[in-house]
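A look at the structure
For reference, the chains in residue letters:
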Amino acid sequence: MSPVSRGFHRRRQDPGENAGRIPPGQYLTKDFPVLSAGPTPRVNLADWEFTVTTETGDVHRWTWRQFVALGVETSTVDIHCVTKWSKLDTTWQGVSLDTLLADVDTAAEYAMVHSYGGYTTNLPLADLLDGQAWIAHRYNGADLLAEHGGPARLLVPHLYLWKSAKWVRGIRLMLRDESGFWERLGYHDYGDPWREQRYQGD
């Protein structure tokens, strides 16, 4: 059986007044479905760290305490899953990638995100900057649950949610693009929900 899921089939709902916020082929949900590629990692905060590794091998490292001390932003955003559900007005707290990368000297144009548990996903570095992405550790005013990526996950709401890697532990900056976990299995390299970039060739 192919490891690439074409998504769940569900009765479409009329988006009504939210029509302009729902990308093509998506349906609106009030739930927060849990979808993962493997078992849920359980990461002790005393052991958690986040690293940014440049293309030259320089490593920038934060413990949990150092990470949350960087300054937390609150963002209310719509999220869209490749399995065709969209959830509106989700509220997150986390550290902006602009803050994490502010003192990182790099000529890279791409990033590979690494997670506890071995998951990876690739993104253009430009999509992590200019207020577009966060390492989120709280959701709706509470600590982020493990099944939703806690203790911390990447949040890149303008792309399909598989790009917002759960259980994030670091980012490797790259001069050339490489494919991550789902991208190697047929998912689109970029994943723009408004262009329905679900799979290679879309």
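Residues numbered from 1 in each chain as written. Predicted model: local features only at pLDDT ≥ 70, side-chain atom pairs only at ≥ 80, totals over all residues. Heavy atoms only, no water.

Our focus in this paragraph is the packing of aromatic side chains. Enumeration over the complete set of coordinates arrives at 15 aromatic pairs. Considering the side-chain rings of Trp-162 and Tyr-187, the 4.9 Å spacing of their centres and the 90° angle between planes classify their relative orientation as edge-to-face. Residue Trp-162 is found in the loop between strand S10 (153-155) and strand S11 (168-174), and its partner Tyr-187 is found in the segment after helix H3 (181-184); the two are separated by 25 residues along the sequence. Tyr-187 matches Trp-162 in its accessibility class, with the two residues each being buried. Ring centres of Tyr-187 and Tyr-199 lie 5.2 Å apart, and the angle between their planes is 85°; this geometry places the pair in the edge-to-face category. Here Tyr-199 lies in the segment after H3 and Tyr-187 lies in the segment after H3, a separation of twelve residues in the sequence. (Phe/Tyr/Trp six-rings, centres within 6.5 Å; stacked < 30°, edge-to-face > 60°. Helix = DSSP H or I, 4+ residues; strand = E, 2+ residues; numbered from the N terminus. Buried < 20%, exposed > 50% of the residue type's maximum accessible area, 1.4 Å probe, protein only.)

A few words on the nonpolar core. With 37 residues, the main nonpolar core has Phe-50, Leu-97, Leu-128 and Ile-135 as its most contacted residues. For this core, the secondary-structure elements that each account for two or more residues are strand S2 (49-53), helix H1 (64-68), helix H2 (97-100), strand S6 (110-115) and S11. Here this core gets three residues from one element, more than from any other, and that element is S11. Excluding its chain neighbours within four sequence positions, the residues that come into contact with Leu-128 are Leu-97, Asp-98, Ala-111, Leu-123, Ala-133, Leu-154, Val-156 and Ile-171. Among the nonpolar cores identified, the runner-up in size contains 13 residues, and Ile-79, Trp-134, Tyr-139 and Leu-155 belong to it. (Core = buried A, V, L, I, M, F, W, Y, C linked by side-chain atoms within 4.5 Å. Contact = heavy atoms within 4.5 Å.)

Turning our eyes to something else, we now look at the confidence of the model for the chain. Chain-level statistics for the chain give a pLDDT mean of 91 and a share of 92% at 70 or above. Per-residue pLDDT stays below 50 along residues 1-14; that stretch engages in 22 contacts with residues further than four places along the chain or on separate chains. (pLDDT = per-residue confidence, 0-100.)

Moving on: the side chain of Thr-90. The residue Thr-90 is located in strand S5 (residues 85-96) in this model. Its relative accessible area of 1% is what places Thr-90 among the buried residues. At 2.7 Å, the side chain of Thr-90 and the backbone oxygen of Val-77 are in polar contact. A polar contact is formed between the side chain of Thr-90 and the side chain of Trp-92, at a distance of 2.8 Å. If we ignore the near neighbours within four places in the chain, the residues touching Thr-90 are Ser-75, Thr-76, Val-77, Ile-79 and Tyr-139. (Polar contact = N/O pair within 3.5 Å; in protein donor to acceptor, adjacent residues only side chain to side chain.)

A separate point is the pattern of salt bridges. A complete count under the given rule lists eight salt bridges for this structure. The salt bridge involving Arg-172 is made with Glu-178; its shortest N-O contact spans 3.1 Å. Its relative accessible area of 36% is what places Glu-178 among the partly exposed residues. Of the charged contacts in the structure, one is a salt bridge between Arg-198 and Glu-196, with a shortest N-O distance of 3.0 Å. Using a relative accessible area of 32% as the deciding quantity, one classes Glu-196 as partly exposed. Among the charged side chains, a network of salt bridges with common partners joins Arg-21, Asp-78 and Asp-89. (Salt bridge = Lys/Arg side-chain N within 4 Å of Asp/Glu carboxyl O.)

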